[in-house]
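Listed below are the residues making up each chain.
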Amino acid sequence: MSASIPLPGQHRPNAAGEESSADPDSIRAEVSSLLAQLTIGSEADLDSEAVDSDALARDAGVLDRAHEVLVRALTTVDKT
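Read on for an overview of the structure. (Residues numbered from 1 in each chain as written. Predicted model: local features only at pLDDT ≥ 70, side-chain atom pairs only at ≥ 80, totals over all residues. Heavy atoms only, no water.)

**Here's the deal with the side chain of Asp 59**
Working step 1: With respect to the helices and strands, the residue Asp 59 is situated in helix 3 (residues 53-79).
Working step 2: It is Arg 58 that comes nearest to the buried, bridge-free Asp 59 among opposite-charge side chains, at 5.8 Å.
Working step 3: Discounting chain neighbours no more than four positions away, the residues touching Asp 59 are Gln 37, Leu 38, Thr 39 and Ile 40. (Helix = DSSP H or I, 4+ residues; strand = E, 2+ residues; numbered from the N terminus. Buried < 20%, exposed > 50% of the residue type's maximum accessible area, 1.4 Å probe, protein only. Lys, Arg positive; Asp, Glu negative; His and termini not counted. Salt bridge = Lys/Arg side-chain N within 4 Å of Asp/Glu carboxyl O. Contact = heavy atoms within 4.5 Å.)

**What to know about the pattern of salt bridges**
Pairing between side chains of opposite charge can happen when the charged atoms of each approach one another.
Working step 1: Within the structure shown, the criterion is met by 2 salt bridges.
Working step 2: Its salt-bridge partner being Arg 28, residue Asp 25 comes within 2.9 Å of it at the nearest N-O pair. In this pair, Asp 25 and Arg 28 are both assigned in helix 1 (residues 24-35), 3 residues apart and thus about one turn of the helix distant. For the pair shown, Asp 25 and Arg 28 are each scored as exposed.
Working step 3: In this structure, Glu 30 and Arg 72 form a salt bridge, with 3.8 Å as the shortest nitrogen-oxygen distance. Note that Glu 30 is positioned in helix 1 and Arg 72 in helix 3, a separation of 42 residues in sequence.
Working step 4: For Arg 72, a relative accessible area of 36% puts it in the partly exposed group.

If you want it as structure tokens, here you go:
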């Protein structure tokens, strides 16, 4: 008896307009653009001991969006 092993991302439906394959260059560009928006960890922040909670929340949102881009890309690759 052989059971089918589900691939990661199979449970996620394709969104309307989502490409059927992931373009590594566009994914790299999108993630790089998001990471360029990060503010915590810059040279100025290294000198201060206090971290701005608003900046931390913004950076967390940016990292969350970058994570979603990568998850979508992996899901697309896994479905092909």
